[in-house]
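# Structural description and commentary
Here is what each chain is made of, one letter per residue.
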Amino acid sequence: MEIFVAKHPLITHKLSVLRDKNTSQPIFKQLIEEIMTLLAYEATREVRVSEITVDTPVATTTGVTLKTPLPLVVPILRAGLGMLEGMMRLVPTAEVGFLGMVRSEETHQPTTYAERLPQNLTGRQCFVLDPMLATGGSLATAIEFLFKRGADDVTAICVLGTPEGVKQIQKTVGDKKVKLILGALDEGLNEQAFIVPGLGDAGDRLYGTAV
Ligand code: PRP
């Protein structure tokens, strides 16, 4: 598995505002989108393209277009939904599938409560969006799901990750083609399996408390 941790002052600056508990919901939402767009630039470095011919007003030249089957973007509900627009701004023709997952507050194990994805993902490049990689349980389950459907190339994009979460993903994916893109790698987890220092509960900060 390939891991990329962003080291860009703009990302770190935006992350610092995101982490601040006094940052308001509208600003939090805007920053998640902006960080996603910056991470998308790195995440799509190896997006598959095919060569095309382009007629400019001056001459004919060669260019590229996204190869079919088009990339599939999969936000993990709820919090991953906050990253979707930031990704689509850079790859507007990508297709989108949805996975709804929630982590138990007691056991920290994820449950999948919704799924709307193509049945056959053979030959698809998939981009999974979830701001938080904590224990890694949710992301590992999502990645396994995509491989079972036939995906052969998965890139996961998280705003924050932990060493525990990275280890869990490494253990789950083995030698499969997976790339992990992180805005930052935090210290670890607390007793509630929250990321430390983290930013709190991304889903709640984006959409309010779910009861
Ligand atoms: C959070 C987060 C991830 C998951 C990370 O979602 O958005 O999906 O927990 O934890 P893990 O790495 O330990 O699995 P949550 O279950 O709070 O749902 P939400 O997005 O609806 O708030």
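Quick summary incoming for the structure in this document. (Residues numbered from 1 in each chain as written. Predicted model: local features only at pLDDT ≥ 70, side-chain atom pairs only at ≥ 80, totals over all residues. Heavy atoms only, no water.)

## A closer look at the site of the ligand
Keep this limit in mind: Proximity criterion: a residue is near a molecule or strand once any of its heavy atoms comes within 4 Å of it. Whenever two N or O atoms come within 3.5 Å, that pair is a polar contact, provided that in protein one can donate a hydrogen and the other can accept it, and provided that, for residues adjacent in sequence, both atoms are side-chain atoms. All accessible-area figures derive from a Shrake-Rupley calculation using a 1.4 Å probe, and residue coverage is judged against the displayed protein chains alone. Numbering goes from the N terminus for both helices and strands, where a helix is a DSSP run of H or I of at least four residues and a strand is a run of E of at least two. In this classification, Asp, Glu, Lys and Arg are treated as charged, Ala, Val, Leu, Ile, Met, Phe, Trp, Tyr, Cys and Pro as nonpolar, and every other residue, Gly included, as polar.
The immediate surroundings of the ligand are formed by 16 residues, with Arg 103, Asp 130, Thr 135, Gly 136 and Ser 138 found nearest. One of the side-chain N or O atoms of Arg 78 is found 2.8 Å from an oxygen atom in the ligand. Contact with the protein chains hides 91% of the accessible area of the ligand, taken as 500 Å² for the molecule alone. Every element with two or more residues in the shell around the ligand is listed here: strand E6 (98-103), strand E9 (132-133) and helix H4 (137-148). Classifying every residue of the shell around the ligand by side-chain character gives seven nonpolar, five polar and four charged.

## Thoughts on the pattern of salt bridges
Quick note on the threshold: Just to be clear on terms, a salt bridge is a Lys or Arg side-chain nitrogen sitting within 4 Å of an Asp or Glu carboxyl oxygen. Think of it in three bands: residues with accessible area under 20% of the maximum for their type are buried, residues over 50% are exposed, and the middle band is partly exposed, with areas taken using a 1.4 Å probe on protein chains only.
Summed over the entire model, instances satisfying the criterion amount to 12 salt bridges. Arg 48 is paired through a salt bridge with Asp 153; the nearest N and O atoms lie 3.5 Å apart. Here Arg 48 is found in the loop between helix H2 (25-43) and strand E2 (49-55), whereas its partner Asp 153 is found in strand E10 (residues 153-161), with 105 residues between them in sequence. Of the residues examined, Arg 48 reaches a relative accessible area of 29% and is grouped as partly exposed. Accessibility expressed as a relative area gives 7% for Asp 153, which makes it buried. Residues joined by salt bridges that share partners form a network here, namely Lys 29, Glu 33 and Arg 89.

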